[in-house]
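# Tertiary structure, described
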Amino acid sequence: MIIDIHGHYTTAPKALEDWRNRQIAGLKDASVAPKAAELEISDDELRESIETNQLAKMKERGSDLTIFSPRASFMAHHIGDFNTSSTWAAICNELCHRVAQLFPDNFIGAAMLPQSPGVDPKTCIPELEKCVKEYGFVGINLNPDPSGGHWKEPPLSDRHWYPLYEKMVELEIPAMIHVSTSCNACFHTTGAHYLNADTTAFMQCLTSDLFKDFPTLKFVIPHGGGAAPYHWGRFRGLAQELKKPLLSEHLLNNIFFDTCVYHQPGIDLLTKVIPVDNVLFASEMIGAVRGIDPETGHYYDDTKRYIEATPNLSAEERYKIYEGNARRVYPRLDAALKARGQ
Ligand SMILES: [Zn+2]
């Protein structure tokens, strides 16, 4: 079984974006603000948006199940206030839930949180609990920078975030540390802000003792871990100077990297540097990089090809990356699969 742990609903029917635009317009002129119930998307529309996009590509490329969350760049937690994010997150999560219901063999949900800059993260817990307990979601996306590129919240190691971590540990769900749109002109959203945030999150964990307080807390750092694997020597050296334990003990029981790295040398490096138990298959397909690589003739985000081609992995190690590690890091996914006899 091949599990892609990083998929977003980037192809939702246009009505969703139209609704969001009206919600944003409503922040200035309340008379145009839409009600949640005004968004109408039929099952047929959902089905078509998936069958012609993600599901078609999954079949073509040979993956079976995608952990599916709302479109990351559309989370835009910096817009409006908690109520804005709360309504928007509920709508987006419900759509992912409906997709998972329509295609239960191929999609299982992960939640976007109703974060808002300067607002206590514990306000996200009701939406999180609803998604896990009612919708059967198996993970969350946690935005370490809901200001959208201005980094106004404390680091992930700060007690600010602890109520959320307590709930994650209780419910046995990991968080993918995933920022959203950058509204800071210095940072391109997917080319700079995403990768900066991946690296920043890793370093915030490295300098802290967060996982002493939460030994079972799990973070997935997407996009191949940003700069972390490439600069592993720097991070090992910094940990040494800070008198931290070896990274294998300090971070690698809790931090995992996905394979959203869009070329062969990147996957070769990732699988050489990072222990195989800490690498999870993902493509983030129909996401940031949608083109075809002229050097290979294949889509950049067809990451399974790189896992297949790398000389660094045995068959058993490939199994871990495709399936075994995902079952371990996402215990609720494992339980859901086992309940279906898989
Ligand atoms: Zn993503």
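Computed from a prediction, not measured in an experiment: that's the story for all the values here. (Residues numbered from 1 in each chain as written. Predicted model: local features only at pLDDT ≥ 70, side-chain atom pairs only at ≥ 80, totals over all residues.)

## Here we look at the overall build of the protein
Heads up, the rule is: Secondary structure counts use DSSP, requiring at least four H or I residues in a row for a helix and at least two E residues in a row for a strand, with both numbered from the N terminus. Contact definition: two residues whose C-beta atoms, as placed from backbone geometry, lie within 7 Å.
Helix and strand counts for the protein stand at 15 helices and 10 strands. Projected onto its principal axes, the C-alpha positions of the protein cover 55 × 45 × 40 Å. A separation threshold of at least 6 residues defines the contact pool for the protein, and within that pool the share at least 24 residues apart is 77%.

## Side note on the nonpolar core
Using the following cut-off: By definition, a nonpolar core groups buried Ala, Val, Leu, Ile, Met, Phe, Trp, Tyr and Cys residues that connect through C-beta atoms lying within 7 Å of each other. Neighbour density around each residue's C-beta defines its exposure: 20 or more other C-beta atoms within 10 Å make it buried, 12 or fewer make it exposed, and counts between make it partly exposed, where C-beta atoms are placed from the backbone.
Residues Phe 68, Val 99, Ile 221 and Leu 280 are the most contacted members of the largest nonpolar core, which totals 85 residues. Looking at this core, the element that brings in the most residues is helix H5 (residues 82–102), giving seven residues. Residues in contact with Leu 280, not counting those within four places in the same chain, are Ile 5, Val 220, Phe 256, Asp 258, Ile 321, Asn 325, Ala 326 and Val 329.

## A closer look at helix H1 (residues 14–28)
Worth spelling out the cut-off: Given a helix with a known number of residues, its expected span is that number minus one, times 1.5 Å. Regarding the arc, it is the one traced by the directions from the helix axis to the C-beta atoms.
The terminal C-alpha atoms of H1 lie 22 Å apart, and with 15 residues this matches the ideal 21 Å at 1.5 Å per residue to within 8%. For H1, the full list of buried residues reads Leu 16, Trp 19, Arg 20 and Gln 23. Along H1, the residues classed as buried sweep out an arc of 100 degrees about the axis, all on the same side. The exposed residues of H1 that point more than 90 degrees off its buried face are Lys 14, Glu 17, Asp 18, Asn 21 and Lys 28. Against the buried residues of H1 lie helix H4 (72–75) and H5.

## Comments concerning the UniProt feature "domain: Amidohydrolase-related" (unreviewed entry) in the protein
Where we set the bar: UniProt positions are given in the numbering used here, feature names are shortened, and annotations may be inferred rather than shown by experiment.
Per the UniProt record, the feature "domain: Amidohydrolase-related" (unreviewed entry) sits at residues 3–331. From the first C-alpha to the last, residues 3–331 spans 14 Å; its make-up is 44% helix and 12% strand.

## A short note on the environment of Ser 42
Among the secondary structure elements, Ser 42 is positioned in the loop between H1 and helix H2 (43–51). Classification of Ser 42 by C-beta neighbours within 10 Å gives exposed; the count is 10. Taking the C-alpha atoms as reference, Ser 42 lies 38 Å from Thr 296; in sequence the two are 254 residues apart.

## As for the environment of Met 58
Checked against the element boundaries, Met 58 lands in helix H3 (residues 54–61). Given 22 C-beta atoms within 10 Å, Met 58 falls into the buried group. Each C-alpha atom, one on Met 58 and one on Asn 254, is 28 Å from the other, the two residues being 196 residues apart in sequence. The contacts of Met 58, once residues within four sequence positions are left out, are Ser 63, Thr 66 and Asn 106.

## Some thoughts on the sheet that holds strand E2 (residues 65–70)
Convention followed: Strand pairing follows a simple DSSP-based rule, namely that at least 2 bridges must link the two strands. Only the stretch in contact is used when a helix axis is fitted, and all axes are lines through C-alpha atoms; the angle between N-to-C directions ranges over 0 to 180 degrees.
Judged by pairing direction, the sheet is parallel, and its eight strands sit side by side in the order E1-E2-E3-E4-E5-E6-E7-E8 without closing on themselves. On the outer flanks of this sheet lie strand E1 (3–9) and strand E8 (279–280), each paired with one strand and no other. In this structure, strand E5 (residues 175–177) lies alongside strand E6 (residues 219–221), joined through two bridges in parallel fashion. Pairing of Ala 175 across the sheet is with Phe 219, part of E6. Across the face of the sheet, helix H8 (residues 189–206) comes into contact with E5, E6 and strand E7 (255–258) while running at roughly 140 degrees to E6.

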